[in-house]
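Here is how the chains run, residue by residue.
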Amino acid sequence: MPDRPAPSPRIVPGPTARPRHVVDERSIYSALFDPVIMHDTDTAGCEHLPFLMWLMANTAPPTLTLVGAGRTVRDTLAFFVHVRALPTQLVHHETSCAFQPENAGLYYLARTAWLAWQADRLAQRTPPAAPPGSLFLCDGVQAPLYPAATESGLEKYPDWKNILSSQTVLSFCFNQGSGLGVLAVPPEPDCLALFLPPANTTAPTREAIFLRQQIAFAGQAWLDKAQLARTAHENQSLHAGLRHAHTDMLALRVRAHQTALELSALRNSAATTRTRIHDDYENMQATGRIVSDCRPAFDAVRQRVSSVPALVRLLARTILKGPLTLPNLPAPPAVAPPPPCTDQPGIAAARPAAPTMLHVLFVAGEPDTPGVQYRCVRNAAACARAGYPAAWKDCAAVTPGDIAWADILVLWRVAFSGHVSVMLQLARQKGARIIFDTDDLTFIPHMARIDLIDGIRSAGATEERIETVFTDMQRTLMQADMGFAPTDALADTMRVYRPATHTVPNTYDAAFLAQARLACRARKATHPDGLVRIGYATGSRTHQKDFAQICPAVVTVLRDNPQTRLVLFREPENHRPLLMIDEFPALRTVHAQIEWRDTMPLAGLAQELARFDICIAPLQTQSIFCNAKSELKFFEAALAGVPCVVSPTAPFRRCVIHGRTGLLAETPAEWAEALNRLINDPALRTRMARDACHAVLWQFGPQRQTRLFRTLLDGLRGEDAAAHAAETLIARLPDRMTDLPDIPECTTLFEQDRLDNAALSIVVTVYNYAAVVLEALESVRAQTLHPLDLIVVDDGSTDGSVALVQDWMRRHAGRFNRLLLLRTDKNAGLGAARNCGVAHTETPFFLPLDADNRLLPAACAHLLAAMDDMTAYAYPTLAQFGASPHPHLMGEAPFQPMRLMAGNFIDALALVAKWAWAAAGGYYTDRAAMGWEDYDLWCSLAELGLKATHVPQILAEYRVHSRSMTNSVTETAEHKARVVALMEQRHPWLRLVQKTAKERV
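Because the structure is predicted, anything quoted here is derived from the model rather than measured. (Residues numbered from 1 in each chain as written. Predicted model: local features only at pLDDT ≥ 70, side-chain atom pairs only at ≥ 80, totals over all residues. Heavy atoms only, no water.)

Thoughts on the overall build of the chain
Okay, step 1: Scanning the chain for helices and strands turns up 30 helices and 30 strands.
Okay, step 2: Across the 1001 residues of the chain, 48% fall into the buried class.
Okay, step 3: Within the chain, counting contacts between residues at least 6 apart in sequence, those at least 24 apart form 77% of the total.
Okay, step 4: Carbon and sulfur atoms form 56% of the exposed surface of the chain, whose accessible area is close to 46,500 Å². (Helix = DSSP H or I, 4+ residues; strand = E, 2+ residues; numbered from the N terminus. Buried < 20%, exposed > 50% of the residue type's maximum accessible area, 1.4 Å probe, protein only. Contact = heavy atoms within 4.5 Å. Areas by Shrake-Rupley, 256 points an atom, 1.4 Å probe, with all protein chains shown as cover.)

Listed below in structure tokens is the structure:
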């Protein structure tokens, strides 16, 4: 929420013995809107938070001592101190026994702590004195809102008078909750005069009564929000119970299905046995009939050979007259010939036709871990964007109906079991493809050794248990047709078991990107506290050896830079640290510089990362296990605007440009040098984070993942499709790293950010266009789309353009969400100026507008409606105006990327996705060949296979005049030759038909 205009200060008269105090009214009412940080059902003391925050904002006490306060009160006040950049140190005591008011400061005693402290002080004959200037807030006083005119507010509570040893204290009460008492030891803060009667009177002023009512109202509002949060928590618990019950029911259903399948198999086996027995019986009967029919002949033979003389006569007769003739025997039963052998060369087996639509089911073996988002949820969304219906399910919840629906099963971290065996049998019976996916080396059993994977020890597991898990993972892998892995190193290892393994990287999604950029903007709008935070956002308790490599360097850096803090994380329930610092004694010497944060779900990761100034990701570079880990710590920090120092593992070396998008460090000396370099150079941190963000927008973005899945799944639709997919994948191998956009140095002349989320930014570039620039800006202001961001980049104008734009922005600031006026430090050229503006956008799309052109009111709305998740840009039809006697239309042709081979047919005025701009490396910045920056961008996007769309409506106006850059620079003979040469060098496939200069009319 943007800051509201500050009201004029109000002078509030106090007692004659006290000075008058200037109060900012925003500090009274802002407490109504600050967030309540709820923890479970902890609501104690919530109603006093508005007054506490108001008091802290107006007094800025050196210390705030909380005695017996709940987690909600503690964390909310800590958040308030951080956001307001107060010089206040928070001290917490669980009970009042260890509490002694030794230093002047602000003390808050929760209800139970106040009652215990009060009884303890009254029991002492000589209660101790409090330091001058101390201020005590005591919960549980049960006072009225404001006392009667004849009472001080504490007369009916005589025990208050003796709490502090015979000291004259200023005291009054509030009635929110169970009552909040205020004891102020002189000299009391001036701001308390607002709540007291004037000197020599007992009746409070109407203003004091009103302020007390406002504080009481704010407290009640917070209490209501706390109770609402508690009710919501109870509802969530009920829903969680219902989900567990539903899960149990699904598990029972799965077991029932398994039992049914087993019974069905038994029935089939019994039926087969019965059939075999019946066939054997039939054969026996047939044999009996044959024997019966042959019996007369056998009897005749037996009679003839019944004696030796008869046998001799029979043999003699056979020799002289031929073999003995027997009666005709019945023919044997017919037997069906065997099917032809399809394994023989030259005999083609009939193959079933590929299904017209493949359904993809992602099966999660560890559904309660963050990895399910990276490997199942986001990949299923990518498949859906690619046109393939996709879903994901917990492995335990997969039913035979799910298997019947799926044509492809992607098994992520699924260990072999009886249930998995049945799943695979059903999948094989219907001809489904099976893919094994893992994001760690979890399929080599002999890797389950503590000396290779230290995480086994620190996670509290045993080698035997992990070896069993790895063995079951390997069994699943061996049942699969192909494999997925997030890094090349892991995919190479998996190919030993499954040659058809593809690298499918971890990615971010649009929600994470939006959260990360908003958190980055919010931090930029917050007053800095002077600290430099080095964040170690490990997600599990498995990185002890990794951190051990850099611990000496981190300790040295913290000692040499007192303004630095090491941010570590702990479990919120029991505050157990994820990094077991007991194994690092050196950290004890800098414990005051360690900042502990509670771990958060993945949905809150972006906001937490944005708090860092530097993110670190140490890994053991000699470990095969660590070299297989993905790059997500780097790209998530980059999206949140934070530069990284990482270990040079194989995945990090592929995606980090050392010194440009991050720093690689291996030895302790390299780590210390890298950290000191970033600590001492804030400008380098800003540039490095910006370039890192541009580097990962496409490389780890949902659009590139969608393109990858479309190719992979298309390749499963038959042999021809597989050949085409292989050709495409091989051709794309070199596109891992594209050139980064070249961003010139600039100065910010005007800036406004209301911290709303606009859908697009309009980027206006200006160079000596004072005569027409306001027409362009007015056409932007007239857009029907709300909210809207506007960024103007002046590229070194000398004609007064800057003053005109700056004055216009001040007058129309209320129209825009973000408003930014930048000026390049030196004239950089059109491409660099556009890159400068795009680099400062915080929206998914941007629309470049030259300062001599104009938009029609519905331009942004119509172009935005034509975009989808996979469209790189949308361009409209433009109408010429100005010097041309016969205006023409421009940009009328529909999108046909191969038409770009002959020349450009799309104007620069197009709505472009920022991820597409980053994928192409931005606009080129060669000043000697300025003019075709937009054409070059369209060609680069065509080479990436990205689509555009044409909006066949006139949505903008193109000014034709002799002073335009096209006519005065681009379409001159010598310059045009340089432009053509550059384009043909960058895109050798072009076959331009218009290489000579031609004035645009």
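Now, onward.
A short note on the sheet that holds strand 9 (residues 360–364)
Okay, step 1: Strand order in this open sheet of six strands is 10-9-11-12-13-14, and the pairing throughout is parallel. Of all strands in the sheet, those bounded by a partner on one side alone are strand 10 (390–394) and strand 14 (501–503). The sheet shows a mean angle of 25° between the axes of neighbouring strands, direction not considered.
Okay, step 2: Here strand 11 (residues 408–412) runs beside strand 12 (residues 433–437); their pairing, made up of five bridges, is parallel. Bridging across to strand 12, Ile408 finds its partner in Arg433. (Pairing = 2+ DSSP bridges. Axes fitted to C-alpha atoms, helices over the stretch in contact; angles between N-to-C directions.)

A few points about the pairing of strand 15 (residues 532–535)
Okay, step 1: Burial along strand 15 is two-sided: the face carrying Val532 and Ile534 and the face carrying Arg533 and Gly535 are both buried.
Okay, step 2: Inspection of the sheet shows strand 15 paired to strand 16 (residues 564–570) by four bridges, in the parallel sense. Bridge assignment links Ile534 to a residue of strand 16, and that residue is Leu566.
Okay, step 3: Pairing between strand 15 and strand 18 (residues 614–617): two bridges, direction parallel. Paired with Ile534 across the bridge in strand 18 is Ile614.

Describing the nonpolar core
Okay, step 1: Ile762, Leu790, Leu855 and Tyr873 are the most contacted members of the largest nonpolar core, which totals 118 residues.
Okay, step 2: Discounting chain neighbours no more than four positions away, the residues touching Leu855 are Ile762, Ser779, Val780, Gln783, Leu847, Leu849, Cys860, Leu909, Leu955 and Ala956.
Okay, step 3: Counting residues in each nonpolar core, the second largest holds 36 residues, with Ile403, Ala427, Leu441 and Phe443 among its members. (Core = buried A, V, L, I, M, F, W, Y, C linked by side-chain atoms within 4.5 Å.)

Some remarks on the environment of Gln607
Okay, step 1: With respect to the helices and strands, the residue Gln607 is situated in helix 16 (residues 605–609).
Okay, step 2: Note on Gln607: relative accessible area 39%, which makes it partly exposed.
Okay, step 3: Setting aside its immediate chain neighbours within four residues, Gln607 contacts Gln515 and Ala519.

Some words on the pattern of salt bridges
Okay, step 1: All chains considered together, the criterion is met by 40 salt bridges.
Okay, step 2: The salt bridge partner of Asp440 is Lys629, with a shortest N-O separation of 3.3 Å. Of the two residues, Asp440 is situated in the loop between strand 12 and helix 10 (455–458) and Lys629 in the loop between strand 18 and helix 17 (632–639); the sequence distance between them amounts to 189 residues.
Okay, step 3: Asp440 gets classed as buried once you look at its relative accessible area, which sits at 12%.
Okay, step 4: Here Lys629 falls in the buried class, since its relative accessible area comes to 17%. (Salt bridge = Lys/Arg side-chain N within 4 Å of Asp/Glu carboxyl O.)

Describing the packing of helix 21 (residues 702–714) against helix 22 (residues 719–732)
Okay, step 1: At a minimum axis distance of 8 Å, the contact between helix 21 and helix 22 shows a crossing angle of 145°. Residues Arg707, Leu708, Thr711, Leu712 and Asp714 of helix 21 form the contact with helix 22, whose participating residues are Ala721, Ala725, Thr728, Leu729 and Arg732.

A look at the confidence of the model for the chain
Okay, step 1: Per-residue pLDDT for the chain has a mean of 83; in total, 80% of the residues score no lower than 70.
Okay, step 2: Scored below 50 in pLDDT, residues 1–29 makes 49 contacts in the model with residues more than four places away or belonging to other chains.
Okay, step 3: Counting contacts from residues 143–158, a segment whose pLDDT is below 50, to residues more than four positions away or on other chains yields 30 contacts. (pLDDT = per-residue confidence, 0-100.)

Overview of the packing of helix 23 (residues 773–781) against helix 24 (residues 801–811)
Okay, step 1: Close contact between helix 23 and helix 24 brings their axes to 10 Å; oriented N to C, the two are set at 25°. Considered as vectors, helix 23 and helix 24 are oriented roughly parallel to each other. Seen along the crossing, helix 23 lies across helix 24 with a hand that is right-handed. Residues Val773, Leu774, Leu777, Glu778 and Arg781 of helix 23 pack against Leu804, Val805 and Trp808 of helix 24. (Parallel < 35°, antiparallel > 145°, perpendicular 65-115°, else oblique. Left-handed = near helix turned anticlockwise from the far one by under 90°.)

Points about the sheet that holds strand 18
Okay, step 1: Taken together, the six strands give an open sheet; going across it, the order is 17-16-15-18-19-20, and neighbouring strands pair in parallel fashion. Edge positions in the sheet fall to strand 17 (594–598) and strand 20 (663–664), since each has one partner strand and no second.
Okay, step 2: Judged from the three bridges that link them, strand 18 and strand 19 (residues 644–646) form a sheet pairing that is parallel. Residue pairing in the sheet places Cys615 in a bridge with Cys644 of strand 19.

Looking at the packing of aromatic side chains
Okay, step 1: This model, assessed by the stated rule, comprises 16 aromatic pairs.
Okay, step 2: A centroid spacing of 4.8 Å and a plane angle of 20° characterise the contact between Phe635 and Phe700, whose relative ring orientation is stacked. Remark: Phe700 occurs in the loop between helix 20 (682–699) and helix 21 and Phe635 occurs in helix 17; sequence separation between them is 65 residues.
Okay, step 3: For Phe635, a relative accessible area of 0% gives the class buried.
Okay, step 4: Relative accessible area serves as the criterion here: at 3%, Phe700 is assigned to the buried category.
Okay, step 5: Through a chain of ring-to-ring contacts, three or more aromatic side chains come together here, namely Tyr873, Tyr875, Phe895, Phe905 and Trp938.
Okay, step 6: The ring of Phe816 carries Arg815 above its face, with NZ or CZ at 5.5 Å from the centroid. (Phe/Tyr/Trp six-rings, centres within 6.5 Å; stacked < 30°, edge-to-face > 60°. Lys NZ or Arg CZ within 6 Å of the ring centre and 35° of its normal.)

What about unusual backbone geometry?
Okay, step 1: The linkage connecting Pro186 with the following residue, Pro187, adopts the cis geometry, with an omega of -5°.
Okay, step 2: Here Pro187 shows up in the loop between strand 8 (180–184) and helix 5 (206–304).
Okay, step 3: The omega torsion across His786 and Pro787 is -15°, close enough to zero to call that bond cis.
Okay, step 4: Among the structural elements, Pro787 can be located in the loop between helix 23 and strand 23 (789–794).
Okay, step 5: Phi is positive for Leu755, close to 60°, though the residue is something other than glycine.
Okay, step 6: For Leu755, the position within the fold is in the loop between strand 21 (746–753) and strand 22 (760–766).
Okay, step 7: Judged by its relative accessible area of 22%, Leu755 falls in the partly exposed class.
Okay, step 8: One non-glycine residue, Asn768, adopts positive backbone phi at about 55°.
Okay, step 9: Position of Asn768 relative to the elements: it lies in the loop between strand 22 and helix 23.

Some thoughts on the environment of Glu262
Okay, step 1: Its place among the elements puts Glu262 in helix 5.
Okay, step 2: For Glu262, a relative accessible area of 41% translates into the label partly exposed.
Okay, step 3: As a C-alpha pair, Glu262 and Val422 span 160 residues in sequence and 9.5 Å in three-dimensional space.

With respect to the side chain of Glu631
Okay, step 1: Positionally, Glu631 belongs in the loop between strand 18 and helix 17.
Okay, step 2: Buried charge without a partner: Glu631 forms no salt bridge, and the closest opposite charge is Arg654, 6.5 Å away.
Okay, step 3: Not counting residues within four places of it along the chain, the set of residues in contact with Glu631 comprises Pro486, Thr487, Pro651, Phe652, Cys655 and Phe700. (Lys, Arg positive; Asp, Glu negative; His and termini not counted.)

Let's talk about the environment of Phe652
Okay, step 1: Within the secondary structure, Phe652 is located in helix 18 (residues 650–655).
Okay, step 2: A relative accessible area of 2% means that Phe652 is categorised as buried.
Okay, step 3: When the C-alpha atoms of Phe652 and Ser630 are compared, they prove to be 8.0 Å apart, with 22 residues separating the residues in sequence.

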